[in-house]
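Chain residues, written in single-letter form:
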Amino acid sequence: MAKKVQVVDDVTIRFAGDSGDGMQLTGSQFTDTTAKMGNDLSTVPDFPAEIRAPAGSLSGVSGYQLHFSSSDIQTPGDSPDVLVAMNPAALKVNVKDLAQNATIIVNTNAFDIKNLKLAKYDSNPLEDGSLSKFNVIPIELTKLTMSALEDLSLSIKEKEKCKNFYALGLLYWMYNRPIEITQKWLESKFSKKPEVLEANQRVLNAGYNYGEITEIFTTRYDVKPAKLPKGIYRNVSGNEAAALGFVTASLRSGLKLFLGSYPITPASEILQELSKYKDYGVVTFQAEDEISGVASAIGAAFAGNLALTTTSGPGLSLKAEAIGLGVMTELPLVIVDVQRGGPSTGLPTKTEQSDLLQAMYGRHGEAPVVVLAAQSPADCFFMAVEAARIALKFMVPVILLSDGYLAFGSEPLRIPKLEELPEIDVKFRTDPEGFHPYMRDENLVRPWAIPGTPGLEHRIGGLEKKDVYGNISYEAENHEIMTHHRQNKVEKVAGTIPELVVDGDSEGELLVVSWGSTYGVIKEALKNVRKEGLNVSHVHLRYINPFPKNLGEILGKFKKVLVPEMNLGQLSLLLRNKFMKDVIQLNKMQGQAFKISEIEKKITEVFGGNNGK
Amino acid sequence: MENKIDQVQEVKYTTKDFSSGLDVKWCPGCGDYSILAQVQKTSPDFGEKKENIVWISGIGCSSRFPYYMNTYGFHTIHGRAAAIATGVKLANPKLQVWVATGDGDMMSIGGNHFIHACRKNINLKIVMFNNRIYGLTKGQYSPTSEKGKMTKSSPYGTVDWPFNPIKVATGSGASFVARSLDRDPKHLQDMISRASKHKGLAFIEVYQNCPIFNDGAFFPLTEKETKPDNVIFLEHGKPLVFGANKEKGIKLDGLNPVIIDLNDGVHSINDCWIHDEFDENPTRVFLLARFTDLPGFPTPIGVFRQFNKETYDIDYVKQIEDVKAKKGEGTYEKLMFKSGTWEVN
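Residues numbered from 1 in each chain as written. Chains lettered and ligands numbered in written order. Predicted model: local features only at pLDDT ≥ 70, side-chain atom pairs only at ≥ 80, totals over all residues.

**Student:** Can you tell me about the overall build of chain A, naming the residues and giving the values?
**Tutor:** Regarding its fold elements, chain A presents 20 helices and 22 strands. Over its C-alpha trace chain A gives a radius of gyration of 27 Å, about what one expects of a compact globule, namely 25 Å for 613 residues. Taken along the three principal axes of its C-alpha coordinates, chain A extends 85 × 65 × 45 Å. If you take every contact in chain A between residues at least 6 apart in sequence, the share linking residues at least 24 apart comes to 76%. (Helix = DSSP H or I, 4+ residues; strand = E, 2+ residues; numbered from the N terminus. Rg over C-alpha atoms; globule rule 2.2 N^0.38 Å. Contact = placed C-beta atoms within 7 Å.)

**Student:** Let's hear about the overall build of chain B: which residues, and what values?
**Tutor:** Along chain B, the regular secondary structure elements total twelve helices and twelve strands. Its C-alpha radius of gyration of 23 Å places chain B within 12% of the 20 Å reference for a compact globule of 345 residues. In terms of principal-axis extent, the alpha carbons of chain B reach across some 95 × 45 × 45 Å. Looking at chain B as a whole, 44% of its 345 residues qualify as buried. (Buried ≥ 20, exposed ≤ 12 C-beta atoms within 10 Å, placed from the backbone.)

**Student:** Any chance you could break down the pairing of strand E10 (residues 256-261) of chain B for me, citing the residues and the numbers?
**Tutor:** Residues and elements named next belong to chain B. Looking at chain direction, strand E9 (residues 248-253) and E10 are connected through six bridges and run antiparallel. The residue bridging aspartate 253 from the neighbouring strand is asparagine 256, located in E10. The loop that links E9 with its antiparallel partner E10 comprises two residues; one of these, glycine 254, has a positive phi angle of about 65 degrees. (Pairing = 2+ DSSP bridges.)

**Student:** So what's going on with the domain arrangement of chain A? Residues and values would help.
**Tutor:** Residues and elements named next belong to chain A. Domain annotation of chain A identifies domain 1 (4-222), domain 2 (233-420) and domain 3 (508-606). Distance from the C-alpha centre of domain 2 to the C-alpha centre of domain 3: 25 Å. Residue assignment for the side of domain 2 that touches domain 3 shows that the elements contributing at least two residues are helix H13 (356-361), strand E14 (370-373), strand E15 (397-403) and helix H15 (404-408). At four residues, E14 tops the list of elements feeding residues into the side of domain 2 that touches domain 3. The residue inventory of the side of domain 2 that touches domain 3, partitioned by class, reads twelve nonpolar, six polar and three charged. (Domains from an automatic or database assignment. Nonpolar A, V, L, I, M, F, W, Y, C, P; charged D, E, K, R; others polar.)

**Student:** Give a description of the interface of chain A and chain B that names residues and reports values.
**Tutor:** Every contact between the two is made by 55 residues of chain A and, on the other side, 48 residues of chain B. Every element with two or more residues in the side of chain A that touches chain B is listed here: helix H1 (23-36), strand E9 (231-237), helix H9 (238-253), strand E10 (257-261), strand E11 (283-286), helix H11 (290-302), helix H12 (313-329) and strand E17 (459-461) of chain A. By residue number, the principal contributor to the side of chain A that touches chain B is H11 of chain A, which donates nine residues. Two elements, E9 of chain A and strand E12 (residues 341-344) of chain B, share four bridges in a ladder whose sense is antiparallel. Its bridge partner lying in E12 of chain B, tyrosine 233 of chain A is registered against tryptophan 342 of chain B.

**Student:** Describe the sheet that holds E9 of chain B, and please don't skip the residues or the numbers.
**Tutor:** All names here are of chain B. Pairing is antiparallel across the open sheet formed by three strands, whose spatial order is E8-E9-E10. Each edge of the open sheet is held by one strand with a lone partner, namely strand E8 (241-242) and E10. By the bridge criterion, two bridges tie E8 to E9 in an arrangement that is antiparallel. Directly across from valine 241, in E9, lies its bridge partner glycine 249.

**Student:** Residues and numbers for the sheet that holds strand E19 (residues 536-541) of chain A, please.
**Tutor:** All names here are of chain A. Taken together, four strands build an open sheet; the order of strands is E19-E18-E21-E22 and the sheet is parallel. Each end of this open sheet is capped by a strand with a single partner; those strands are E19 and strand E22 (584-587). Each strand of the sheet is rotated relative to its neighbour by a mean of 25 degrees, with strand direction disregarded. Alignment of strand E21 (residues 558-565) against E22, held across four bridges, turns out to be parallel. By the bridge assignment for E22, proline 564 is matched with leucine 586. Relative to E19, helix H17 (residues 519-531) is tilted by about 170 degrees, and along the sheet it contacts strand E18 (508-515), E19 and E21. In the packing of helix H19 (residues 570-579) onto the sheet, the strands contacted are E18, E21 and E22, and the crossing angle to E21 comes to about 145 degrees. (Axes fitted to C-alpha atoms, helices over the stretch in contact; angles between N-to-C directions.)

**Student:** Before we move on, could you go through the packing of H1 of chain A against helix H7 (residues 180-189) of chain A and cite the residues and values that matter?
**Tutor:** All names here are of chain A. Where H1 contacts H7, the axes come no closer than 9 Å and their chain directions differ by 125 degrees. Viewed along their axes, H1 and H7 adopt a mutual orientation that is oblique. Seen from above, H1 lies across H7 with right-handed handedness. Touching Gln29, Asp32, Thr33 and Lys36 of H1 are Ile181, Thr182 and Trp185, all from H7. Partitioned by chemical class, the residues of the contact of H1 with H7 number two nonpolar, three polar and two charged. (Parallel < 35°, antiparallel > 145°, perpendicular 65-115°, else oblique. Left-handed = near helix turned anticlockwise from the far one by under 90°.)

**Student:** I'd like a description of unusual backbone geometry, backed by residues and values.
**Tutor:** Residue and element names in this part refer to chain A. Cis geometry marks the peptide bond from threonine 265 to proline 266; its omega dihedral reads 0 degrees. Within the fold, proline 266 resides in the loop between E10 and helix H10 (268-274). Along the chain, glycine 342 connects to proline 343 via a cis peptide bond; the corresponding omega equals 5 degrees. Looking at where proline 343 falls in the secondary structure, it is placed in the loop between strand E13 (333-339) and H13. For asparagine 176, which is not glycine, the phi dihedral falls at a positive 60 degrees. The topology assignment puts asparagine 176 in the loop between helix H6 (163-174) and H7. The exposure class assigned to asparagine 176 is partly exposed, which follows from the 14 C-beta atoms found within 10 Å.

**Student:** Requested: an account of the confidence of the model for chain B, with residues and values cited.
**Tutor:** All names here are of chain B. Here chain B averages 95 in pLDDT, while 97% of its residues score no lower than 70. Counting contacts from residues 1-8, a segment whose pLDDT is below 50, to residues more than four positions away or on other chains yields five contacts. This prediction of the complex comes with two scores: 0.95 for pTM and 0.96 for ipTM. (pLDDT = per-residue confidence, 0-100.)

**Student:** Any details on the environment of glutamine 6 of chain A? Residues and values, ideally.
**Tutor:** All names here are of chain A. Turning to its location among the elements, glutamine 6 is positioned in strand E1 (residues 4-7). The exposed category is assigned to glutamine 6, around which 11 C-beta atoms lie within 10 Å. Between the C-alpha atom of glutamine 6 and that of tyrosine 175, which follows or precedes it by 169 residues, the distance is 9.5 Å. Those residues in contact with glutamine 6 that sit more than four places away from it in its chain are Thr219 and Tyr221.

This is the structure in C-alpha cells:
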C-alpha cells in the first residue's frame, strides 16, 4: 500500500527513556542525518546528574530534543510534536510539555506493573484514556527487536539494548530520511564487533520497514531543506564549537594553545575535545584541581602560549584569586565558564545565567576583566576566537560565559574561511633597548617579554608594581595610577568591538535587552509578537565588559526596557547601575531555558496585556 | 636541548651575573641570604643560558627570592608556585624552571600542587626553605613545626603532628629528594648543583634559620660543637657513620635502624648500612627519613634518592610529535572541513 507523504515546515521530536537507553545517541544520530539533509536545526539534551539512576525511575529519565525545519530556526522548540517514550517514566516526565495533538510513540513492552509503579502511575495511561488528546502509537519495541535478532548469539541484554535503533529506524521512515548515514556510523563504531554491528543494522532496518509495512501509519512526513546562506556547514554543540574556536585562534595567532583544566560538568567536553588535537600541538594539562588549572595557564601565558582554562561556576569561584594575579601581572588569559544552576553544587546538568556578576566582580580588590557571552552553540566558536583575540591584544584576562544549554545544545555552523576571522597579531618584545616590563602602548598594553628572550630578564608578581618600571611599589599615588590603568585598559577594548545594531525600530515603546543563550528564544518570540502587531525592538549583548559603545544611547531611545535572563536580575543590575535606566525584569530559575511563549507573554503584558492596542 | 654542551662552552657567567641588583630585604641574619648566595654561586655552572632560567615562587619570606635573581622570575600567589611553574615548563620545555618556596607555601596551602608535581615527575627544581614557622605573617606554627610548639597561634603548644617533607616528596614519587642546611654553604651548593643536573622533579628541603620567630631551631644541626653528633651525611655507596671521629654508625636490623658503636670491639664499619641513592624501592628512604622521629638518631643530610623515570614534559612533547608524525601537522582545513560537513548552494 502506497503511503502518502505530507510536507511540513518544521517538527520537534523528543526522544526519552532511561539514562541507559541510549537516547542521547539516538537523538544525535537523527540530528546528523537531518543536518546532512539540509534542514536548519537546533537541539537540546536533558539528562540527569546521575550516570545511571535506578532503571525505570522518574529521576533516571534522559531526553534529547531536536527541532528541524525548512526555514531558519533559533531554538530547539517549546513543545515537541512527537515524543518517543521508551518507558512509563519517560512518558510521565515529558507528556506535560507536548504540543496539542502530538504523536506519542511508546514501547508498550515497558508498560508492565513494575515500571508503572516506578513511574508512580496508579493506572496504565495507555488504557485509562488520559492520553486521549494525543495520537498514541503503541509499539512492542522490545519484542520486535528481540525477534529481529532471534538467531544471533548475543545475550538477551545486549539484544535488548538495540531497541533504540528500532525506534530510530521507524522515525527515519516517518520523516523520510535515509538510514545510510547511521549505517555508516555503525560500521565505523563497531568495526571490531561484527555481531553488535549486525544486530544494530538489522534492527535499524527492521524499524524502518515496520513503518512501511504496518497499517498503523498512513502518512509519512517530509521537511524540505532550509534556505540557509551558501557555504559548508557542520553541526556543532557549544562545547565542541568552543574547542574548535580555540584551536582556530591558535592557528590564527601562531601561538601554541595551552589548556589547564579540571573536569567539571558541563564544561568537561571542551577539555576532552582539545585533548584530541595533539597534531595541532595543543597541550591539555588535566590539573589536580581548579586552581592548578588556572595557575598552570597563567604560567603558560607568562611563557608565551595562548593560555586557556575551562570550568563552570564552582570552578570559577576557586580560580578567583589566581585570575586576580592575571589582572595584576597583565597576562593574556582566557577563562571559559560554562554556567550551571547554583549556588554550591546546585544543578550541575541544568542551565542558568547566574555567574554574570561573579564573572564581573568575583575577585578581591579592583580586578576588572573582559567579559564576553556566546549567544548560540555555533557562536561559541566565534566568541572563543574573539576571547583569544582580546586577551592577546590587550594582555588581559577574558572570561567567556557559556552555559549548559549552549554547551550541550547543537546547531549547524557555517564554517568561515580562515581569512574571514579577525586577525590575531601577536608581537613578543625582543628588543632590550628601553625595555621596562610595565611600559605601555596607546591602548595601555604592556609588552609581552617571554622567558627565553636574551636581555629581557625581568620579574613580575602579585605585589603592586611601579608604573612603567615594574619594581615592587607601595607608593600611595602609584597604586591609584595602576588601578586606573588596569580599569582603563579594559574600557579601551570597547574601541575594537562592533557597535550594537538594533533589530527593529531604533526608538520606540519597548526594547528587549538580552545576553548569552537566551538569544534564540527571544528572536523566535519577537517573530511571533511582531506578527501580532507589537512593535518591539531588540539588542543582544555578546560583550558585557566593556559594553558596546552605543548601548547607552540605544537604551535612551526607548520608553521601556525588558531584560529576560535566567537569574534574579544580574544584567538588569548592571544596566541600572551604568546607565541609570530602569528596566523591567523577566527572570527564570528552573534550570531550563525560557520557552518562547514565556517571552511572548511577558512582552504582551508589558504592552498592557491587550497586544498594546 | 641537544646543544647543551655547546652552551656550556659558550656561556661564561659569574656569580654577579645572577644578581638583580635589587636591595635584599630579608631580616638581618636570615638563612635566606645564604640560600640566595649559594644559588647565585652555582648558577653559572647550570650550563643554561641566563634567559632560559626561570624562578617561580609563591608567598612568604622565601618567595621574595625571584626578585633578587637576574633571571626571568614570577612571584605568584600563596601555594601555587608548583602549578604555575608546571605551566611555564609545559609551555616551553626548553626552560629550566626553579621554584623557591617555604614550608607553609609548599606543605600547607600548596600541598596538593606539590604532591601532583612529584607524582607527574614534572621537570621542576623545587627548593623549599623550611624554617618550621610562618615568618611573613609574624610567627604562627607551620605544618612542619614540631608537636607541642608554642607560637603566637598556639600559646599552649600545638597538638598537630608535623609533616616530614622528605616522606611527603618520596611518597608522592619525586625522583630526586635531598636535604641541606643554610649554614653549610658547600653542601648546599652541591645539592643545588646536583638538582640542576637531574632530569625530573628535584626537591631540596633546606633547613633555614628564622632569627626572628624561630631562632636556633636547627642550631643542634648547624653549630660546630653539636653538628657531628646530630647530623649524618648521606653519600652514595658509603657507610652511614657520624660523630666527631666517625665513631658511630647505623646498622639495619631487619627494618629497624640501630645506632652502633664502631669502637666497642663488637661492631665494625662493615656492619653499617651502605647508602644507595639510586635504589628505586623507597622503603629505605622512608627509614632514613624517619631518623628525625627517632630519639638519639642523627638527622640525614644529602641526597636521599635519585632515579630516572620519564618526565611529564618530555613524554608530552613526544606524544605530540608521535601524533603529528602519524596524522601530519594540523591545519584549519583539516580541523574544520575534514568530516561531517555538508554544502548549501
